Amino acid sequence: MTIKDKITVEPGFMYVVDKMELMSAAGRRRMLQQPFVTDKATLINEYDNTERIAKCLRNTENSRPVAVIRHQLMQMHDLLGTLSSLRQRTVLEEIELFEIKNLAFLCMETAKAATTLGINDILCIPDLKGVFDLLDPDGSGIPTFYIYDSYHPELPELRKQLKAKQTLLDNSNGTIDEKTALQRLINDLFEKQNEIQQQVVADLSERLYAHCGALGEAFERMAYTDFVFAKATLAEEWHLCRPQIGDAGSTFTLLWNPRLRHRNEEQGLRYQPVDIELRNGVCLITGANMAGKTVLLKTVGIAQMMAQFGFLVPATAAETTLFDDVVFCIGDEQNEMNGLSSFASEIIKISDTVSRAASERLLILIDEPARTTNPIEGKAIVQSVATLLEKRPSTTLITTHYSQLGLDCRRLRVKGFVEDMADIPLSPENINRFMDYSLLPDNSDEVPQEALRIATILGCNNELLETAKGLLERNQKNY
């Protein structure tokens, strides 16, 4: 499972990926191939790498070597085809020899800058000086390539004759026969030159084969360099924190959603981070509509995926356990667009997740299950899902509007609308400004009933509201 597999799971995670300042196509490919890490030592090493490079970025004295590395990454070309040809011992084209020489040059320059920064052990770029010297026999020290005279003893004289004969032809006032004879001689010289150049290219291709492994590794290490610098840059710009890895559960302090927070900041709106602790088993989360329950689930999922893909996370502090996967059961617009009903799409995904949870340790995020079916069956489905997942070795967050579920599990409630916070007339556009998104422990088997209160504050039709209130009282008495 890689970032590529998860990139479309949640738009908020796509937002994170799209904000990565990658310099090359190779770096982006490396990012998309980043695996979901479940090994603690591997993640600690990845966090170490990101933090050390972030520290380099913070130090203004490092601006020049950092700029050098970024410039080299920007010059990276896609060498996958060239390296494949080399591995198959195919005679390369001159342009492919240039690509290899250019890669060697970029690696050498990047390694020099890495030495200045003290991060050679992170980048681990192989030494390609031997490759560069092979393709730079005259010691020019520049990444451009052509078939140098020094590659073959006959080339200098041959090229000298070609130049002289071509000049003679260009300036000739002779007869057509004389010019034809001269052109024939030039063609013969060109053919001889091409034969020698092909011999040189074939010889260089064969000699480069011995460096095939180092070239492939260097290309991948440069791609990783691009990826880890992008992660460190993101960590600095967003003030991300390094998660600690534990076994008991996950805790996020002042956790925030990158896409939503940045949008709110652009619009001058308030954004409220939240604290949340994840434990093994099921946790029901209740709260009024507009209380941010869905956003909470998405934010937790994004943070956990970032942590296990080796990113630092959007929180002030974080401790996370490691899961085999993060599963979002939060609607499925694609299936609905393909004609599958919302309930069918939802229940299939939940069913598959319950089955997986029997053998995998998952972080499962389920948003208001069975909300689109009738309340009696819906409540039974929620009870069934929670009962089964409570027994699984997973962590499950379920948001719900159903009361009296009779479940022996942990409960949290979003605090919700706080009238004291309202200092201007309320409207559908600004009501979220007056929501308190704090999570409170909740021992009740009831869910908050704030819909009619909020509708009243918003000034909805009085007859509609009074009728609904009367029916609510009657229904509660009958119940």
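Criteria and cut-off values
Residues numbered from 1 in each chain as written. Predicted model: local features only at pLDDT ≥ 70, side-chain atom pairs only at ≥ 80, totals over all residues. Heavy atoms only, no water. Pairing = 2+ DSSP bridges. Helix = DSSP H or I, 4+ residues; strand = E, 2+ residues; numbered from the N terminus. Contact = heavy atoms within 4.5 Å. Axes fitted to C-alpha atoms, helices over the stretch in contact; angles between N-to-C directions. Buried < 20%, exposed > 50% of the residue type's maximum accessible area, 1.4 Å probe, protein only. Phe/Tyr/Trp six-rings, centres within 6.5 Å; stacked < 30°, edge-to-face > 60°. Lys NZ or Arg CZ within 6 Å of the ring centre and 35° of its normal. Salt bridge = Lys/Arg side-chain N within 4 Å of Asp/Glu carboxyl O. Parallel < 35°, antiparallel > 145°, perpendicular 65-115°, else oblique. Left-handed = near helix turned anticlockwise from the far one by under 90°. Nonpolar A, V, L, I, M, F, W, Y, C, P; charged D, E, K, R; others polar. Core = buried A, V, L, I, M, F, W, Y, C linked by side-chain atoms within 4.5 Å. Arc of directions from axis to C-beta. Disulfide = S-S within 2.5 Å.

**Student:** How should I be thinking about the sheet that holds strand β3 (residues 274-278) in this particular structure?
**Tutor:** Sheet strands pair by backbone hydrogen bonding; their relative direction is either parallel or antiparallel. Taken together, four strands build an open sheet; the order of strands is β1-β5-β2-β3 and the sheet is mixed. Two strands lie at the open edges of the sheet, namely β1 (244-245) and β3, each paired on one side alone. Pairing geometry for β1 and strand β5 (residues 317-320), over two bridges, is parallel. Bridge assignment links Ile 245 to a residue of β5, and that residue is Thr 320. Each of β2 (250-255), β3 and β5 touches helix α14 (residues 293-308); the most contacted strand, β2, lies at about 115° to it.

**Student:** What's the story with unusual backbone geometry in this structure? I'm lost.
**Tutor:** Across residues other than glycine, the phi torsion is negative in most instances, and most of the peptide bonds are trans. Unusually for a residue other than glycine, Arg 89 sits at a positive phi of about 60°. Following the sequence through the fold, Arg 89 ends up in the loop between α6 (80-87) and α7 (94-117). Not every positive phi belongs to a glycine, and Ala 370 is a case in point at roughly 60°. Inspection of the secondary structure puts Ala 370 in the loop between β7 (362-367) and α17 (375-390). Here Ala 370 falls in the buried class, since its relative accessible area comes to 1%.

**Student:** Quick question: what am I supposed to make of the environment of Gln 244 here?
**Tutor:** Its place among the elements puts Gln 244 in strand β1. With relative accessibility at 47%, the residue Gln 244 sits in the partly exposed group.

**Student:** How should I be thinking about the packing of aromatic side chains in this particular structure?
**Tutor:** Ring pairs (aromatic) are described by centroid distance and by the angle formed between their planes. Following the criterion strictly, the structure yields ten aromatic pairs and no others. An angle of 35° between the planes, with centres 6.1 Å apart, marks the rings of Phe 105 and Phe 132 as tilted. Here Phe 105 is found in helix α7, whereas its partner Phe 132 is found in helix α9 (residues 129-134), with 27 residues between them in sequence. Three or more aromatic residues link up through ring pairs in this structure, and these residues are Phe 145, Tyr 146, Tyr 148 and Tyr 151. Seen from the ring of Phe 132, Lys 101 lies directly overhead, with NZ or CZ sitting 5.3 Å from the centre. A cation over an aromatic ring shows up here: Lys 231 above the ring of Phe 311, its NZ or CZ 5.9 Å from the ring centre.

**Student:** Even after reading the chapter, I still don't get the sheet that holds β7, so can you show me in this structure?
**Tutor:** The strand order across the open sheet built from six strands is β6-β7-β8-β4-β9-β10, with neighbouring strands paired in mixed fashion. Lying at the two open borders of the sheet, with one neighbouring strand each, are β6 (325-329) and β10 (435-441). Strand-to-strand, the axes of this sheet are offset by a mean angle of 15°, without reference to chain direction. As judged from the five bridges shared by strand β4 (residues 281-286) and strand β8 (residues 395-399), these two strands associate in the parallel manner. Paired with Cys 283 across the bridge in β8 is Leu 397. Set on the sheet, helix α16 (residues 342-356) makes contact with β6 and β7; between it and β6 the angle comes to about 155°.

**Student:** Would you take a moment to explain the pattern of salt bridges for this structure?
**Tutor:** A side chain of one charge can pair with a side chain of the opposite charge if their charged atoms are brought near each other. Here the structure, examined in full by the defined rule, presents 23 salt bridges. The closest approach of N and O atoms between Glu 10 and Lys 298, which form a salt bridge, is 3.8 Å. Here Glu 10, found in the loop between α1 (3-6) and α2 (11-18), pairs with Lys 298, found in helix α14; they are 288 residues apart in sequence, far enough to count as distant. Glu 277 is the partner of Arg 279 in a salt bridge, and the nearest nitrogen-oxygen pair spans 3.4 Å. A relative accessible area of 35% places Glu 277 in the partly exposed class. Linked by salt bridges that have partners in common, Lys 6, Asp 325, Arg 356 and Glu 360 make up one network.

**Student:** Mind showing me how you'd approach the environment of Arg 279 here?
**Tutor:** Within the fold, Arg 279 resides in the loop between β3 and β4. If near-sequence neighbours (up to four positions away) are discounted, Arg 279 is found in contact with Thr 395 and Arg 410.

**Student:** I keep staring at the packing of α7 against helix α11 (residues 176-209) and nothing clicks. Help me out?
**Tutor:** Angle between the axes and distance between the axes are the two parameters that describe a pair of packed helices. Taken N-terminus to C-terminus, the directions of α7 and α11 make an angle of 40°; their axes are 11 Å apart at the nearest point. As judged from the angle between their axes, α7 and α11 are oblique. For α7 against α11, the interelement crossing comes out left-handed. Of the residues in α11, those in contact with Glu 94, Leu 97 and Ile 100 of α7 are Gln 197, Val 201, Leu 204 and Leu 208.

**Student:** Help me understand the packing of helix α5 (residues 63-74) against α7, please; the structure alone is not making it clear to me.
**Tutor:** Viewed as axis vectors pointing N to C, α5 and α7 meet at an angle of 160°, and their least axial separation amounts to 9 Å. Relative to α7, the element α5 is oriented roughly antiparallel. The hand of the α5/α7 crossing is left-handed. Seen from α5, the contacting residues are Pro 65, Val 66, Val 68, Ile 69 and Gln 72; seen from α7, they are Phe 105, Leu 106, Glu 109, Thr 110, Ala 113, Ala 114, Thr 116 and Leu 117. Here the residues of the contact of α5 with α7 are counted per class, giving nine nonpolar, three polar and one charged.

**Student:** Please explain the nonpolar core as it appears in this structure.
**Tutor:** When a protein is soluble and globular, its nonpolar side chains tend to lie buried together. By size, the foremost hydrophobic cluster in this structure holds 119 residues, and its most contacted members are Ile 119, Leu 135, Leu 208, Ile 276, Ile 285, Val 300 and Leu 397. The element contributing the most residues to this core is helix α12 (residues 212-238), with 15 residues. For Val 300, the contacting residues outside a window of four places in its chain are Leu 255, Ile 276, Leu 278, Leu 363, Leu 365 and Leu 397. With 21 residues, the next largest nonpolar core counts Leu 284, Ile 364, Ile 381 and Ala 386 among its residues.

**Student:** Looking at this structure, I do not really get the side chain of Asn 102. What am I missing?
**Tutor:** For Asn 102, the position within the fold is in helix α7. A residue is classified by how much of its surface remains accessible, and Asn 102, at 8% relative accessible area, is buried.

**Student:** Where do I start with α6 in this structure?
**Tutor:** One turn of the α-helix equals 3.6 residues, which is why residues spaced by three or four share an orientation. Among all positions in α6, only Thr 82, Leu 83, Ser 85 and Leu 86 are buried. Mapping the buried residues of α6 onto a view down its axis gives an arc of 160°, with all of them on the same face. On its buried side, α6 packs onto α7, α11 and α12.

**Student:** Just checking my understanding: could you explain the state of the cysteines for this structure?
**Tutor:** Two cysteines whose sulfur atoms are joined by a covalent bond form what is called a disulfide. By the definition in use, this model includes zero disulfides. Take Cys 212: it sits in no disulfide, and the sulfur closest to it among the cysteines is that of Cys 107, at 14 Å. The closest cysteine sulfur to the non-disulfide-bonded Cys 409 is located on Cys 283, 7.2 Å from its own sulfur. Of the residues examined, Cys 409 reaches a relative accessible area of 15% and is grouped as buried.

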